[in-house]
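Letter by letter, the chains look like this.
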Amino acid sequence: MTPTTVGILDLLRRSQGYVSGEAMCVQHGISRAAVWKHIGGLRELGYRISSAPRRGYRLDAAPNSPLPTEVLPLLATHRFGRAYHFLRRTDSTNRVAGELAEAGAAEGTTVVADTQTAGRGRLGREWFSPPGVNLYVSIILRPRVQPVRAPQLALVAGLCVVRAVRCLCPGLPLRLKWPNDVYCDRRKLAGVLCDLSADMDEIRHLILGIGVNVNLPPTGFPGGLAGAAVTLQEMAGIEVSRPQLLAGLLAELEQAVELWVDEGLGPLLDEWRHLSILEGREVRVHVLGQELTGTVTGLSREGALRLRTATGKVREVLSGDVTVAEW
Ligand code: BTN
């Protein structure tokens with residue numbers, strides 16, 4: 001979107017009613033034809049704009065889309081989302097953010113797509129990423145902490161998703177499934193994918209990728225996901241604003257990541273444990289090709305999952321894929 005298009009949108013937003021084409025021409029030093037082109041561009045992005053002879057143009061509705069023009073005015077952050085890349089369509093926002101990070105992009109740089117053609121989940125899985133409905137976001141982090149702490153960021157991010165969702169949709173039965181899933185009503189609402197670039201001593205960058213199922217109708221999930229995944233709209237019974245959810249999420253993340261860098265998981269652990277869906281459950285954990293079974297007894301201060309195995313021994317698992325034997 002060009003600065004002139006943004007300026008025209010701003011004029012429309014600030015006016016209660018119609019803005020004359022003439023006013024737009026004068027303000028931006030452009031022709032009537034150019035105004036028409038900018039209006040056309042905005043309509044293509046989903047802005048509903050009426051036009052009436054001799055009155056001009058009126059903004060009737062903004063799209064429920066994480067466009068920069070919708071998200072940036074809502075940002076309450078200092079760094080997260082301040083460099084904001086919106087893509088209508090890309091393969092994976094984590095890949096794009098990784099490239100930007102390699103090229104030196106600052107911490108907090110955010111990549112958002114309306115749809116992903118190769119959205120990635122953990123362990124090589126696919127992340128279903130249809131257009132117009134959900135959130136797909138990747139944020140570049142450059143935390144000055146030891147690389148061994150990196151997996152904890154998935155826990156931090158999951159908690160931030162819960163907090164941000166709660167602000168818009170209070171009262172939902174949100175839970176966290178170690179290490180990276182947000183559940184609602186025993187179905188998956190959101191997931192976190194961390195891509196780490198580090199050497200032994202320091203993290204070069206970490207891409208925090210988050211996908212949230214927001215407004216997809218329940219029938220919209222493909223076969224394998226139906227019944228296993230859920231959307232906010234389905235649970236809350238309202239269409240949820242993607243810009244508001246994203247702005248809230250970025251604010252939660254900025255604050256929680258800063259706290260985590262300074263103080264570790266400690267200040268977040270009680271809230272995390274309280275939300276954990278695995279507490280006391282019989283689970284199978286796949287770790288590096290091995291399967292461990294046991295009862296979840298909690299979370300360590302470092303964010304490892306604690307399991308009591310059949311022999312009574314307590315094991316701590318730092319990363320893995322958890323299946324619950326029975327809900
Ligand atoms: C998981 O639950 O397995 C993690 C899912 C992470 C999906 C998000 S969507 C934005 C970002 N880009 C990707 O390709 N994946 C993450």
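Throughout this document, residue positions are counted from 1 along each chain, in the order its sequence is written. Per-residue local features are limited, in this predicted model, to residues with pLDDT of at least 70; the limit for side-chain atom pairs, both in listing and counting, is 80 or more; totals at the level of whole chains, interfaces and linings are taken over all residues. The basis for every side-chain value is the complete set of heavy atoms in the structure, and neither hydrogens nor water enter the calculation.

## Details of empty space enclosed by the protein
Now for step 1: Think of a 1 Å grid over just the protein atoms. A cavity is a set of points where a 1.4 Å probe fits yet cannot get out, a pocket is an open set with protein on both sides within 12 Å along at least five of seven lines, and lining residues have an atom within 4 Å of a point. Grid points are joined across faces, edges and corners, and a volume is the space filled by probe spheres set on the points. For the coordinates displayed, the defined rule picks out one cavity of 30 Å³ or more.
Now for step 2: Each pocket or cavity is described by its volume, and for the largest cavity that value is around 30 Å³.
Now for step 3: Every residue along the wall of the largest cavity is listed here: Trp272, Ser276, Glu279, Gly298, Leu299 and Leu305.
Now for step 4: Polarity classes work like this: nonpolar for Ala, Val, Leu, Ile, Met, Phe, Trp, Tyr, Cys and Pro, charged for Asp, Glu, Lys and Arg, and polar for all others, with Gly in that last group. Tallied by class, residues from the lining of the largest cavity come to three nonpolar, two polar and one charged.

## As for the domain arrangement of the protein
Accessible area lost upon the coming together of the parts serves often as the stated size of an interface.
Now for step 1: Where each domain begins and ends follows an automated or database-derived domain assignment. The domains assigned to the protein are domain 1 (3-61), domain 2 (68-275) and domain 3 (282-324).
Now for step 2: The distance between the C-alpha centroids of domain 2 and domain 3 comes to 24 Å.
Now for step 3: We call two residues in contact when some of their heavy atoms are within 4.5 Å. The partner domain 3 presents 14 residues to the 13 residues of domain 2 that form the contact.
Now for step 4: Summed over both partners, buried area is the accessible surface (1.4 Å probe) that two parts give up on being assembled. Per-residue buried area on domain 2 facing domain 3 is highest for Lys177, Trp178 and Arg273; these three make up 48% of the total on that side.
Now for step 5: Only one rule defines a salt bridge in this text: a Lys or Arg side-chain nitrogen within 4 Å of an Asp or Glu carboxyl oxygen. For the interface between domain 2 and domain 3, the tally reads one salt bridge.
Now for step 6: Of the charged contacts, one joins Arg125 and Asp321 as a salt bridge, the two residues approaching to 2.5 Å between their closest N and O atoms.
Now for step 7: Pairs of N or O atoms within 3.5 Å make up the polar contacts considered here, provided that, within protein, one atom can donate a hydrogen while the other can accept it, and that residues adjacent in sequence are counted only when both atoms are side-chain atoms. There are six residue pairs in polar contact (both at pLDDT 80 or more) connecting domain 2 and domain 3.
Now for step 8: Of all the secondary-structure elements, those providing two or more residues to the side of domain 2 that touches domain 3 are α6 (152-168) and α9 (266-275). A helix here means a DSSP run of H or I that spans at least four residues, while a strand means a run of E at least two residues long, and both kinds are numbered starting from the N terminus.

## Quick look at the site of the ligand
Now for step 1: Any residue with at least one heavy atom within 4 Å of a molecule or strand is counted as near it. In the neighbourhood of the ligand, 21 residues make up the surrounding shell, with Ser92, Gln116, Arg120, Arg122 and Lys188 lying closest.
Now for step 2: Taking Thr93, its side chain carries an N or O atom lying 3.1 Å from a nitrogen atom of the ligand.
Now for step 3: Protein burial of the ligand: of its 420 Å² of free accessible surface, 98% is covered by the chains.
Now for step 4: Pocket occupancy is defined atom-wise: a molecule lies in a cavity or pocket when more than half of its atoms are within 2 Å of its grid points. When each cavity is represented as a set of grid points, the ligand is found to reside in the largest pocket.
Now for step 5: Per-element accounting of the shell around the ligand gives the leading share, four residues, to strand β8 (residues 187-198).
Now for step 6: Looking at the shell around the ligand, its residues break down into six nonpolar, 11 polar and four charged. Methods summary: accessible areas were calculated by the Shrake-Rupley approach with a probe of 1.4 Å, and residue burial reflects only the protein chains presented.

## Notes on the nonpolar core
Now for step 1: Here, nonpolar core means buried Ala, Val, Leu, Ile, Met, Phe, Trp, Tyr and Cys residues that are tied together by side-chain atoms lying within 4.5 Å of each other. Each residue gets one of three labels from its accessible area relative to the maximum for its type: buried under 20%, exposed over 50%, partly exposed in between, using a 1.4 Å probe on protein chains only. Residues Leu12 and Ile210 are the most contacted members of the largest nonpolar core, which totals 85 residues.
Now for step 2: Here Leu12 is in contact with Val19, Met24, Ile39, Leu42, Ile49, Tyr57, Arg58 and Leu59, once residues within four sequence places are set aside.
Now for step 3: Counting seven residues, the second-largest nonpolar core is a separate cluster that includes Val96, Ala97, Ala105 and Ile140.

## What about the pattern of salt bridges?
Now for step 1: This model, assessed by the stated rule, comprises 22 salt bridges.
Now for step 2: Between Glu22 and Arg32 there is a salt bridge whose closest N-O contact spans 3.3 Å. Placement of the pair is Glu22 in helix α2 (residues 21-28) and Arg32 in helix α3 (residues 32-44), with a sequence separation of 10 residues.
Now for step 3: Between Arg58 and Asp60 there is a salt bridge, with its nearest N and O atoms 2.7 Å apart.
Now for step 4: A relative accessible area of 29% means that Arg58 is categorised as partly exposed.

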